[in-house]
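An overview of the molecular structure
Residues per chain, in single letters:
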Amino acid sequence: MNKHDSERIAGLLQQHGMEPVDEVGAADAVIFMTCCVREKADVRLFGQVSSLKTLKKRNRGLPIIAVGGCIGQRDGEKLIEQIPHIDVVFGTHNISSLPELIERAYNESITQVEILDDSVDEFSADLPSVPESSFHAWLPITTGCNNYCTYCVVPYVRGKEKSRMLETIVDDAKQMVDAGVKEITLLGQNVNSYGRDLYGEPRFADLLDKIALGGISRLGFATSHPKDLNDDTIAMMARHDNILDYLHLPVQSGSTAILEAMNRRYSKEQYLELIDRVREVMPGIALSTDIIVGFPGESEDDFEDTLEVVRAAQFSSAFTFIYSPREGTPAATLEGQVPDAVSQRRFERLVDEVQAQALEFSRSLRGTKASVLFEGISKRDENVLVGRDRHNKVVHVVLPEHTSAEQWEGFETEVAITGAHTWYITGELSQTDPEEN
Ligand code: 5AD
Ligand code: SF4
């Protein structure tokens, strides 16, 4: 969501006559989009803003430093007290105010702080945009979250769940297709409850159907909450070939007791049963997940349950986190906070298991033909083209002679998969010239 919001910020600023520059030293303003889901992100903001202090001193107060997103929303004025060289603070509900706040800070040299609550009727998705990619687009369908998982700060900084009108989203998707976008990722904290606030019942399956029929090559979405992923949605995913063969379904923990303490509202068995239902209709689907270790009260047995779920679910990938207490959330004051060393040990064991599963998944793809959408050249090797298959698995191929990365960017074609690694697979292109069709 932050990546998407940043594209809208770029669009807004451009509309106000501002332009991006390559070097921080040449900028009149630097904008930080922040996340406060875990403590690490907080610390990073502090370090990055501080690194601009000398430049600002040397340069008569420039660049203007603006901090927005979740940390802005959470801390408001306090941020300026903590880091005095910040000039502008904005929140998650008033991105559209940013150009004006920057202009005022620039012209009047006084700090500007504007934080609004979620009663504001603004969707960042309705603002102008400078997309980072010409072939992939983020498309927000809801903002905010009503779930109040006990460890999570998101409902407090993103506000209550609000859905965008179905027709608006379908129109946006059509425009993206017309503009040459190949892949759309629908965004929401809990896409499965899309529409509940507007239509009295979730209409995510319906939304998927309408967008898939609009002719996009690839359609994905994030994030799904297991308690709300229903059979209609599963059936809709199976019905449309252009919906990716990939589902991100955060489990968070494999222990029913911990899931209850997290307020996730499903049990270990219900989660496993749900993925069985998914695999029944889409046997080859890639499942990824989010897992937290060291939640307060997590015993060795609870952690073993998590490992068991990882083995049973055969995830193609997983984002793994050590529990990070967030002030103001119920879990932060729970008894039984797990010592760092214990969490760290569990985390390492979890990562080993996740990597073993990911490698297993990669191996299962050897000998198959994958449809790969190419994104560009590898950062590590200029002879390697990188893309993703329909399982969202990263694919590497050798850049064919006499072709350039630009010719392949945004181009989808078949690759015969020959090699398997933990986080990527390798293969051979069936077609060595993107122009030949
Ligand atoms: N500590 C650790 N991980 C967290 N997440 C959310 N809040 C916390 C926290 N306090 C993780 C969850 C979520 C992902 C985006 O971040 O796994 O799905
Ligand atoms: Fe946070 Fe839970 Fe909402 Fe996800 S569903 S954003 S983890 S409160």
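Above this text sits the structure in question.
Since the structure is predicted, the reported quantities are computational estimates derived from the model, not experimental observations.

What counts, and where the lines are drawn
- Residues numbered from 1 in each chain as written.
- Chains lettered and ligands numbered in written order.
- Predicted model: local features only at pLDDT ≥ 70, side-chain atom pairs only at ≥ 80, totals over all residues.
- Heavy atoms only, no water.
- Pairing = 2+ DSSP bridges.
- Helix = DSSP H or I, 4+ residues; strand = E, 2+ residues; numbered from the N terminus.
- Axes fitted to C-alpha atoms, helices over the stretch in contact; angles between N-to-C directions.
- Contact = heavy atoms within 4.5 Å.
- Expected span 1.5 Å × (residues − 1).
- Buried < 20%, exposed > 50% of the residue type's maximum accessible area, 1.4 Å probe, protein only.
- Near = heavy atom within 4 Å.
- Nonpolar A, V, L, I, M, F, W, Y, C, P; charged D, E, K, R; others polar.
- Polar contact = N/O pair within 3.5 Å; in protein donor to acceptor, adjacent residues only side chain to side chain.
- Areas by Shrake-Rupley, 256 points an atom, 1.4 Å probe, with all protein chains shown as cover.
- Salt bridge = Lys/Arg side-chain N within 4 Å of Asp/Glu carboxyl O.
- Arc of directions from axis to C-beta.
- 1 Å grid on protein atoms, 1.4 Å probe; cavity = no way out; pocket = protein on both sides within 12 Å on 5 of 7 lines; lining within 4 Å.
- Points joined across faces, edges and corners; volume = space filled by probe spheres on them.

Description of the sheet that holds strand β9 (residues 218-222)
On the basis of which strands lie adjacent, the open sheet formed by 3 strands has the order β5-β8-β9 and parallel pairing. Only two strands of the sheet have a single partner each, and these edge strands are β5 (136-140) and β9. Looking at each pair of strands side by side, their axes are set apart by 25° on average, direction ignored. Alignment of strand β8 (residues 183-187) against β9, held across 5 bridges, turns out to be parallel. Bridge pairing links Leu-187 to Ala-222 in β9. Sitting on the sheet, helix α8 (residues 166-178) is in contact with β5 and β8, with an inclination near 170° to β5.

Structural notes on helix α15 (residues 340-365)
An ideal rise of 1.5 Å per residue puts 38 Å on 26 residues; α15 measures up with 37 Å between its terminal C-alpha atoms. Among the residues making up α15, those that are buried are Val-342, Ser-343, Arg-346, Phe-347, Leu-350, Glu-353, Val-354, Gln-357, Ala-358, Phe-361, Ser-362 and Leu-365. Buried residues along α15 sit against β11 (286-293), α14 (300-313), β12 (317-322), β16 (412-420) and β17 (424-429). Positive backbone phi, at 85°, marks Gly-367, one or two positions downstream of α15.

Focus on the site of ligand 2
The environment of ligand 2 is formed by Cys-145, Asn-147, Tyr-148, Cys-149, Tyr-151, Cys-152, Val-154, Pro-155, Gln-189, His-225 and Arg-264. Looking at side-chain class alone, the shell around ligand 2 contains 7 nonpolar, 3 polar and 1 charged residues.

Considerations on the sheet that holds strand β2 (residues 64-69)
Two orientations exist for strands paired in a sheet by backbone hydrogen bonds: parallel and antiparallel. The 4 strands lie next to each other as β1-β2-β3-β4, forming an open sheet whose pairing is parallel. Edge positions in the sheet fall to β1 (29-34) and β4 (112-114), since each of these pairs with one other strand and no more. The average angle at which neighbouring strand axes cross in this sheet is 15°, direction not considered. Relative to strand β3 (residues 88-90), β2 runs parallel, the two sharing 2 bridges. Directly across from Val-67, in β3, lies its bridge partner Val-89. Of the strands in this sheet, β1 and β2 touch helix α2 (residues 39-50), which is tilted by about 175° from β1. Lying on the sheet, helix α6 (residues 98-108) is in contact with β1, β2, β3 and β4; it crosses β3 at an angle near 165°.

Notes on the site of ligand 1
Around ligand 1 lies a shell formed by Val-37, Arg-38, Tyr-151, Gln-252, Asp-290, Ile-292, Phe-321, Ile-322, Tyr-323, Ser-324 and Arg-326. Backbone polar atom of Tyr-151 to a nitrogen atom of ligand 1: 3.0 Å apart, as the coordinates give it. Here a nitrogen atom of ligand 1 sits 2.8 Å away from a polar atom, N or O, in the main chain of Ser-324. Relative to its free-state accessible area of 410 Å², ligand 1 is covered by the protein chains to the extent of 85%. For the shell around ligand 1, the elements supplying multiple residues, two or more each, are β11 and β12. When grouped by side-chain class, the residues that make up the shell around ligand 1 number 6 nonpolar, 2 polar and 3 charged.

Digging into the pattern of salt bridges
Applying the stated criterion to the full structure yields 27 salt bridges. Between Arg-196 and Asp-228 there is a salt bridge; the shortest N-O distance is 3.4 Å. Taken together, the residues Arg-196 in helix α9 (residues 196-199) and Asp-228 in the loop between β9 and α11 (231-239) connect sequence positions 32 residues apart. You can call Arg-196 partly exposed: its relative accessible area is 37%. Arg-388 is paired through a salt bridge with Glu-375; the nearest N and O atoms lie 2.6 Å apart. Highlighted residues: Arg-388 in strand β14 (residues 384-388) and Glu-375 in strand β13 (residues 369-377), separated in sequence by 13 residues. Of the residues examined, Arg-388 reaches a relative accessible area of 17% and is grouped as buried. A relative accessible area of 32% places Glu-375 in the partly exposed class. Through salt bridges with shared partners, one network takes in Glu-183, Arg-218, Glu-375, Arg-388, Arg-390 and Glu-412.

Focus on α8
Helix length check: α8 (13 residues) gives 19 Å between terminal C-alpha atoms against 18 Å at 1.5 Å per residue, within 8%. Of the residues making up α8, those classed as buried are Leu-166, Ile-169, Val-170, Asp-172, Ala-173 and Met-176. On an axial view of α8, the arc spanned by its buried residues comes to 155°, and they lie on one face. Exposed residues lying more than 90 degrees from the buried face of α8 are Gln-175 and Asp-178. For α8, the elements touching its buried residues are β5, β8, α9 and α10 (204-213). Of the residues one or two after α8, Gly-180 is the one with positive phi, at around 95°.

With respect to the layout of surface pockets
Considered as a void within the structure, the second largest pocket measures approximately 320 Å³ in volume. Along its surface, the second largest pocket is lined by 14 residues, and Arg-74, Asp-75, Arg-326, Glu-327 and Gly-328 are the ones closest to its centre. For the lining of the second largest pocket, the secondary-structure elements that each account for two or more residues are α2, α4 (70-75), α5 (77-82) and α7 (154-158). Among the elements that take part in the lining of the second largest pocket, α4 stands out by supplying 3 residues, more than any other. Here the lining of the second largest pocket is composed, by residue class, of 4 nonpolar, 3 polar and 7 charged.

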